[in-house]
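# Structural description and commentary
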Amino acid sequence: MNPPEPTDIRPPFTRATALAKVKAAENAWNSRDPARVALAYTPDSEWRNRDRFFVGREAIKAFLTEKWQRELDYRLMKELWAFTDNRISVRFEYESHDVQGQWWRSHGNEHWEFDENGLMRRRDASINDVRIEERERRLFSPEAP
């Protein structure tokens with residue numbers, strides 16, 4: 001049986017469904033497939049990512065395509081922080097390296113709001129980056145050492 005996609009889980013959320021929604025989102029983002037990830041959002045989804053603001057699936061796909069061209073070997077971990085009927089907040093960490101080989105760990109918080117079909121209509125992300133050495137990594141893909 002395949003793990004659920006983020007859109008398979010709909011509000012109102014319980015602790016179990018909020019945890020499942022976070023894990024499904026983590027799995028989708030770790031696929032590094034902008035088209036797959038964008039399907040979890042409403043066609044007019046509103047995003048804030050750091051200091052960038054944009055709207056819609058096409059903008060999300062463009063943003064993620066550029067992100068994963070710059071943030072290589074990206075690996076993400078999300079953790080449920082809080083939830084209500086149609087909102088979830090998470091803390092997250094991800095690691096990646098740039099084209100020069102410098103590794104980064106990024107820490108942040110996201111606030112999500114969903115429509116009745118389980119699509120995210122709003123994402124608000126605050127993120128800080130820390131330069132790390134490769135030996136300091138702690139997030140690895142299942143197929144990586």
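Before any of the text, the structure's been laid out above.
Here the residue numbering is sequential within each chain, running from 1 through the sequence in written order. In keeping with the predicted nature of the model, local features appear solely for residues at pLDDT of at least 70, side-chain atom pairs appear and are counted solely at 80 or more, and the whole-chain, interface and lining totals rest on all residues. For the side-chain quantities, the full set of heavy atoms in the structure was used; hydrogens and water were omitted.

Moving on, we get to helix H3 (residues 57-70). A run of H or I in DSSP counts as a helix once it spans at least four residues, and a run of E counts as a strand once it spans at least two, with each numbered from the N terminus. Multiplying 1.5 Å by the residue count of a helix minus one yields the expected span of that helix. In this model H3 runs 20 Å from its N-terminal to its C-terminal C-alpha over 14 residues, within 8% of the 20 Å that 1.5 Å per residue would give. Note on classification: 1.4 Å probe, protein chains only; a residue is buried when its accessible area is under 20% of the maximum for its type, exposed when over 50%, partly exposed between these limits. Residues Ile 60, Phe 63, Leu 64, Lys 67 and Trp 68 constitute the buried set of H3. In a view along the axis of H3, the buried residues occupy a sector of 120 degrees, so they form one face of it. Turned more than 90 degrees from where H3 packs its buried face, Glu 58 and Gln 69 sit exposed. Residue contacts are defined here by distance: any two heavy atoms, one from each residue, within 4.5 Å place the two residues in contact. In this fold, the buried residues of H3 make contact with helix H1 (15-30), helix H2 (34-38), strand S1 (41-49), strand S2 (52-55), strand S3 (72-83) and strand S4 (87-97). Read the arc as the range of directions from the helix axis to the C-beta atoms.

So, on to the sheet that holds S4. Two modes of strand pairing occur in sheets, parallel and antiparallel, and in both the strands are linked by backbone hydrogen bonds. Pairing between strands is defined by DSSP: at least two bridges between the two strands are required. Pairing is mixed in the open sheet, where 6 strands are placed in the order S2-S1-S6-S5-S4-S3. Strand pairing shows two members of the sheet lacking a second neighbour, S2 and S3, which therefore form its edges. Mean inter-strand twist for the sheet, computed between neighbouring axes without regard to direction, equals 20 degrees. As paired strands, S1 and S2 are joined by 4 bridges and run antiparallel to one another. Note on geometry: axes are lines fitted to C-alpha atoms, helical ones only across the stretch in contact, with angles between N-to-C directions running from 0 to 180 degrees.

Whenever a carboxyl oxygen of Asp or Glu lies within 4 Å of a side-chain nitrogen of Lys or Arg, that contact is scored as a salt bridge. A complete count under the given rule lists 17 salt bridges for this structure. As a salt-bridge pair, Asp 129 and Arg 50 come within 2.7 Å of each other at their nearest N and O atoms. Of this pair, Asp 129 sits in strand S6 (residues 120-132) while Arg 50 sits in the loop between S1 and S2, and the two are 79 residues apart along the sequence. For Asp 129, a relative accessible area of 40% translates into the label partly exposed. We note a salt bridge from Lys 67 to Glu 71, for which the minimum N-O separation is 2.7 Å. With respect to burial, Lys 67 and Glu 71 carry one shared label: buried.

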